[in-house]
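Chain by chain, the residues:
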Amino acid sequence: MREEMVAVLFKWLLGVYREIDLDEAELLKLSERHRVDSLLYPRIKEISNFSSTFKYAVKTAYLNNFHRVSVAQNFLHELDDFFQNAGIIGLVLKGIVLSENYYDDRVSRHARDLDLLVDLRHVEIVRNWLLGKGFFSDTNFTKYNKKQQEQFFRLNHHLVFYGSDPVHPRVVELHWKLRSDDDAFGMDPFNNKSELLSTRYKCLFALNHLDQFIYLCVHGSEHAWYRLKWLMDLPMILMHKQFGWKKMEQRASELNAVEHLQLALYVLCKISGQLFVDGYEPMKMSRNIKRKSGYVLLKLTKDDFIELGYKTAFENLLFIAGFNKRMLSLRFWSSRWITSADWLRFPLPEKFFFLYYPMRPFFWLIRRCSNN
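1. Observations concerning the overall build of the protein chain
Part 1 of the reasoning: Looking only at helices and strands, the protein chain features 16 helices and seven strands.
Part 2 of the reasoning: A compact globule built from 372 residues should have a C-alpha radius of gyration of about 21 Å, and the protein chain, at 22 Å, falls within 12% of that.
Part 3 of the reasoning: With the principal axes as the frame, the protein chain shows a C-alpha extent of 65 × 50 × 50 Å.
Part 4 of the reasoning: Looking at the 372 residues of the protein chain, the share that counts as buried comes to 51%.
Part 5 of the reasoning: Relative to all contacts within the protein chain whose residues are 6 or more apart in sequence, the contacts with residues 24 or more apart total 68%.
Part 6 of the reasoning: Carbon together with sulfur atoms contributes 53% to the accessible area of the protein chain, which is approximately 18,400 Å² in total.

Shown next, in the form of structure tokens:
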């Protein structure tokens, strides 16, 4: 039943269904859970049989999102000025560029985090600029020794900054890699071979349309498509740009992201009941892709707004390990065995960094006991 409700909401937002047969309270709850509540407003303006209370709640969500989008755009202008002066270029990932390039209403896509990608050599200068603007971060890599910093940047892909000023976004993620597990979509968009899209900003760019689509497939698949918000981006792109299955598969193969692309399109077909890509045949997908889609559908129907707990984390880890033969990858498992939380609490000389691996259970136990 929950899967059917999710599918009904998705199809209605896509315009497949003219009307929607869901209770208003359930519709609002479901749309908030999947962060598509701001998408409701353009849809309900065409329909008159909703209560005034429901319309007010939906309009409020839309206006709140309008504020977040405006704050993000103003911040990007400010950041762009800084980048021009510092001689830096960056990429805006997901978020604002998706709503501006592929959505008819730039405010309808839910805005929350602002994701920025810069070259690794510029991370510290951008970090310092963010701190100077009143942002704070839980991670201070400058306190690590040289070996720890090297491993930190290898194992991770971004720093998270939290804004305290209402004129700035609440969360900014500063990336130096597109993904932590760069066995998928491990490209360097700053090399001369990367075709990037211009934006309204001089020093901020976006991934080109096809790379953007495949990047979203990787991001969404490795989050098990927990939110309809992410899945909605795919048809929005495909309604503006058509690539064809062979071209998509070829590019995904170059980026080592074929499984992610296959799963994304299979789930999209299952939820929407539509084929968006010429030449794509969902019935020819492997048993592995179909099995993964079953896990995704279970995740989509959960009521939880945020996933918490060791059990969920372990299930998600096993799911992610199912891509690109990671189950057999020592690098994949070793990267999740150690944690930077140990490095400051239990400092070791650089030459003994390898001891963080066998000592992890003891360090974890000490931290666990001291927290209790």
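2. Re empty space enclosed by the protein
Part 1 of the reasoning: Taken as a whole and judged by the stated rule, the model has one cavity of 30 Å³ or more.
Part 2 of the reasoning: Roughly 30 Å³ of volume is contained in the largest cavity.
Part 3 of the reasoning: Considering the residues around the largest cavity, the lining is formed by R35, V36, L39, Y103, S108, R109, H110, K229 and M232.
Part 4 of the reasoning: Grouping the constituent residues of the lining of the largest cavity by class yields four nonpolar, two polar and three charged.

3. Overview of the environment of L344
Part 1 of the reasoning: Considering the arrangement of structural elements, one finds L344 in helix α15 (residues 341–345).
Part 2 of the reasoning: When the C-alpha positions of L344 and Q148 are compared, they lie 9.6 Å apart, and in sequence the two are 196 residues distant.
Part 3 of the reasoning: Apart from residues lying up to four places away in sequence, L344 is in contact with K143 and Y144.

4. Quick notes on the nonpolar core
Part 1 of the reasoning: In this structure, L9 and F213 are the most contacted members of the largest nonpolar core, which totals 120 residues.
Part 2 of the reasoning: For this core, the element with the most residues is helix α4 (residues 52–86), which contributes ten residues.
Part 3 of the reasoning: Those residues in contact with F213, other than ones at most four positions away along the chain, are L234, I237, L238, F243, M248, L261 and L265.

5. A few points about the layout of surface pockets
If a probe as big as a water molecule is rolled over the atoms, it shows which places are left empty.
Part 1 of the reasoning: Of the volumes computed, that of the second largest pocket is approximately 510 Å³.
Part 2 of the reasoning: In terms of lining residues, the second largest pocket is bounded by 22 residues, among which R68, H110, A111, R112 and R170 are the most central.
Part 3 of the reasoning: The element best represented in the lining of the second largest pocket is α4, accounting for six residues.
Part 4 of the reasoning: Among the residues forming the lining of the second largest pocket, the class breakdown is ten nonpolar, four polar and eight charged.

6. A few points about the packing of aromatic side chains
A ring pair, where both rings are aromatic, is described by two values, the distance of the centres and the angle of the planes.
Part 1 of the reasoning: All chains considered together, the criterion is met by 27 aromatic pairs.
Part 2 of the reasoning: Ring geometry for W343 and F353: centres 5.5 Å apart, planes at 65°, overall edge-to-face. Of the two residues, W343 sits in helix α15 while F353 sits in the loop between α15 and α16 (356–371), which places them ten residues apart along the sequence. Grouping residues by exposure puts W343 and F353 together as buried.
Part 3 of the reasoning: Looking at R33, its charged tip hangs above the ring of Y226, at a distance of 3.9 Å from the centre.

7. Focus on the packing of α4 against helix α6 (residues 123–132)
Part 1 of the reasoning: Viewed as axis vectors pointing N to C, α4 and α6 meet at an angle of 135°, and their least axial separation amounts to 12 Å. Judged by the angle between their axes, α4 and α6 are oblique. As α4 runs across α6, the sense of the crossing is right-handed. Touching F75, E78, L79, F82, F83 and A86 of α4 are I125, V126, W129 and L130, all from α6.

Cut-off values and rules
- Residues numbered from 1 in each chain as written.
- Predicted model: local features only at pLDDT ≥ 70, side-chain atom pairs only at ≥ 80, totals over all residues.
- Heavy atoms only, no water.
- Helix = DSSP H or I, 4+ residues; strand = E, 2+ residues; numbered from the N terminus.
- Rg over C-alpha atoms; globule rule 2.2 N^0.38 Å.
- Buried < 20%, exposed > 50% of the residue type's maximum accessible area, 1.4 Å probe, protein only.
- Contact = heavy atoms within 4.5 Å.
- Areas by Shrake-Rupley, 256 points an atom, 1.4 Å probe, with all protein chains shown as cover.
- 1 Å grid on protein atoms, 1.4 Å probe; cavity = no way out; pocket = protein on both sides within 12 Å on 5 of 7 lines; lining within 4 Å.
- Points joined across faces, edges and corners; volume = space filled by probe spheres on them.
- Nonpolar A, V, L, I, M, F, W, Y, C, P; charged D, E, K, R; others polar.
- Core = buried A, V, L, I, M, F, W, Y, C linked by side-chain atoms within 4.5 Å.
- Phe/Tyr/Trp six-rings, centres within 6.5 Å; stacked < 30°, edge-to-face > 60°.
- Lys NZ or Arg CZ within 6 Å of the ring centre and 35° of its normal.
- Axes fitted to C-alpha atoms, helices over the stretch in contact; angles between N-to-C directions.
- Parallel < 35°, antiparallel > 145°, perpendicular 65-115°, else oblique.
- Left-handed = near helix turned anticlockwise from the far one by under 90°.

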